[in-house]
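# Structure assessment
If you want the building blocks of each chain, they are given just below.
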Amino acid sequence: MGKHVHIKSFGCQMNKLDTALVRSALDEAGFSLTEKVGDADVVLINTCSVREHAEQRVLSHLGHLKHIKKSRPDLVVGVIGCMAQRLGDELLEHEAVNIVCGPAEIPQISELITKVMQDGKKSLAVTAGIRRKAPAERSHALEEFEAAYGIEDGRIPAQAFVRVMRGCNNFCSYCVVPYVRGPEISRPPEAIIEQIRKLADHGTRQVTLLGQTVNSYKYEQGDKTWSLADLLGAASDINGIEWLRFVTSYPSDEFFDEIMQIMADSPKVCNYLHIPAQSGSDKILRAMNRNYSCEWYLELLDRARAVVPGISIAGDFIVGFPGETEEDFQATVDLLRKAWYKNAFIFKYSPRPGTRSDKRLQDTVPAETKQRRNVELLAVQEKISDELSRDFLGRRVKVLVEGPSKKAHLNSADAADNPQLAARTATDYIVVFNGPESLAGRFADVKIIRTSPLTLFGEPV
Ligand code: SAH
Ligand code: SF4
Ligand code: F3S
């Protein structure tokens, strides 16, 4: 029997997609996958560097694995992902770690594991000069890996993620992503479309297109320039695909109107836009190297709402960026009130080594102030989310069922064969209702009977 591998993902959707690719590559290479660390011969950790906290979680997990290795010295531990790329050698020195492999090197993962199992030597595969244009062989290897293993992950039935771009060129001053994921590259449209077609043939109903600035997807092909709108159009024509999403968008003019237009025109393109503002203060936005003003950003949301009535919009904010005064923070609260998001993700500024803000600016805002601003912003958003959710009371919505609900909610399972299911609307609202588990991966009509800020509760109709 093949060796057992356990993989754990600590990062964003991009990171989870890499995990899915690695899982499927290892499966094909003859490894068995296991959910339990206790059964594993190999443990892989897919890591994130976006905030210090994300890295700390990984380090504490490695501490745990070091302990396990005392009684099981043959256990192979591999660290893959953004933190592997950022720390390289330093991480390889960790007592628990056998393999360090950056995101652009994952096509080698099964060879790296096999080699360590044979010779017991530590192994490093990170990309030197990651900001340089990738040599043809590496791009080719990544494309092939993606095409061969880009199958439905199976964790959420009938749903899949498809990368349309790699890397990022935006260099927001606080952000580590460009340094660990390399320059922005759009994948060829035919490779993307072919992948979606294959997924559809295997039963995928919803595809989420992924990119750090997904709306800036751009691929020149002869006289034609492909935009994200063109991709969404082509993907809409694929039989079997019912819903299409894309994340994350950067507030930018280029292609914006055509993307909103295809959202309005195609019933398959979900009316949902995740478009982080990061701050409501123009001064802070400049220091963040985000190339827009608050006023322009809010106008952009108006433009989206004018073309796509009922669109639901989500955002991200960083509180406590260096130099953020009380006045700057109040400007962010103001923007949040005006933006009328469905939900917002709020993060406390975390200085990342190597980024411009870390090199040039002092992390001046005290931890307690960051915490207070975080809580205050969340409270404002919660009221807005609550109000938006209440609009759903009594309404019928179409949802795609994900599976059994992970959290226990108040209307708990009324029978073993009728558990609580978690589902989502096209506009990304989470809906919990009781139904048979066989609904997972299928569409259902649900009537909303109760609401909370982030969850709608319903009954099947
Ligand atoms: N490419 C996406 C997402 C990047 S990371 C985008 O540009 O929207 C996801 C979120 O993490 C960002 O939107 C930002 O709000 C937050 N983030 C990134 N770097 C951070 C840092 N150093 N400290 C705190 N939050 C950060
Ligand atoms: Fe980071 Fe900015 Fe790129 Fe997003 S757009 S990944 S925040 S540099
Ligand atoms: Fe994602 Fe974290 Fe890397 S947000 S791209 S896993 S640094």
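Analysis parameters
Residues numbered from 1 in each chain as written. Chains lettered and ligands numbered in written order. Predicted model: local features only at pLDDT ≥ 70, side-chain atom pairs only at ≥ 80, totals over all residues. Heavy atoms only, no water. Buried < 20%, exposed > 50% of the residue type's maximum accessible area, 1.4 Å probe, protein only. Helix = DSSP H or I, 4+ residues; strand = E, 2+ residues; numbered from the N terminus. Pairing = 2+ DSSP bridges. Domains from an automatic or database assignment. Contact = heavy atoms within 4.5 Å. Buried area = accessible area lost by both parts, 1.4 Å probe. Salt bridge = Lys/Arg side-chain N within 4 Å of Asp/Glu carboxyl O. Polar contact = N/O pair within 3.5 Å; in protein donor to acceptor, adjacent residues only side chain to side chain. Nonpolar A, V, L, I, M, F, W, Y, C, P; charged D, E, K, R; others polar. Axes fitted to C-alpha atoms, helices over the stretch in contact; angles between N-to-C directions. Near = heavy atom within 4 Å. Areas by Shrake-Rupley, 256 points an atom, 1.4 Å probe, with all protein chains shown as cover.

## A short note on the pairing of strand S10 (residues 206–210)
Where burial is concerned, most of S10 is hidden: 5 out of the 5 residues are buried. Taking every second residue as pointing to the same face, both faces of S10 are buried, with Gln-206, Thr-208 and Leu-210 on one and Val-207 and Leu-209 on the other. One ladder, built from 5 bridges, connects S10 with strand S13 (residues 243–247); its direction is parallel. Bridged to Leu-209 within S13 is Phe-246.

## A few points about the domain arrangement of the protein
The assigned domain composition of the protein is domain 1 (4–125), domain 2 (151–268), domain 3 (271–389) and domain 4 (396–460). Look at where the C-alpha atoms of domain 2 and domain 4 centre, and you get two points 27 Å apart. On the domain 4 side, the residues contacting the 9 residues of domain 2 number 11 residues. Summed over both partners, the interface of domain 2 with domain 4 comes to about 830 Å²; 64% of that surface belongs to carbon and sulfur atoms. Of all residues in domain 2, Pro-157, Trp-243 and Arg-245 give up the largest surface area on contact with domain 4, accounting jointly for 60% of the area buried on that side. The tally of links from domain 2 across to domain 4 stands at 0 salt bridges. If you look at where domain 2 meets domain 4, you find 2 residue pairs in polar contact (both at pLDDT 80 or more). Broken down by class, the residue content of the side of domain 2 that touches domain 4 amounts to 4 nonpolar, 2 polar and 3 charged.

## Quick word on the sheet that holds strand S18 (residues 420–425)
Strand order in the closed barrel formed by 5 strands is S17-S18-S19-S21-S20, and the pairing between neighbours is mixed. Strand-to-strand twist in this sheet, taken as the mean axis angle between neighbours without regard to direction, amounts to 50°. Across 4 bridges, the pairing between strand S19 (residues 430–434) and strand S21 (residues 455–460) is parallel. Bridging across to S21, Phe-433 finds its partner in Gly-458.

## Overview of the site of ligand 1
Every one of the 15 residues lining ligand 1 counts as a neighbour, but Arg-51, Gln-212, Gln-278, Asp-316 and Ser-350 are closest to it. One of the side-chain nitrogen or oxygen atoms of Gln-278 is found 2.7 Å away from an oxygen atom of ligand 1. In the model, a nitrogen atom of ligand 1 is placed 2.8 Å from a nitrogen or oxygen of the Ser-350 main chain. For ligand 1, whose unbound accessible area comes to 540 Å², protein coverage reaches 90%. When contributions to the shell around ligand 1 are tallied by element, the ones reaching two or more residues are strand S15 (312–319) and strand S16 (343–348). Two domains each provide a minimum of three residues to the shell around ligand 1, namely domain 2 (151–268) and domain 3 (271–389).

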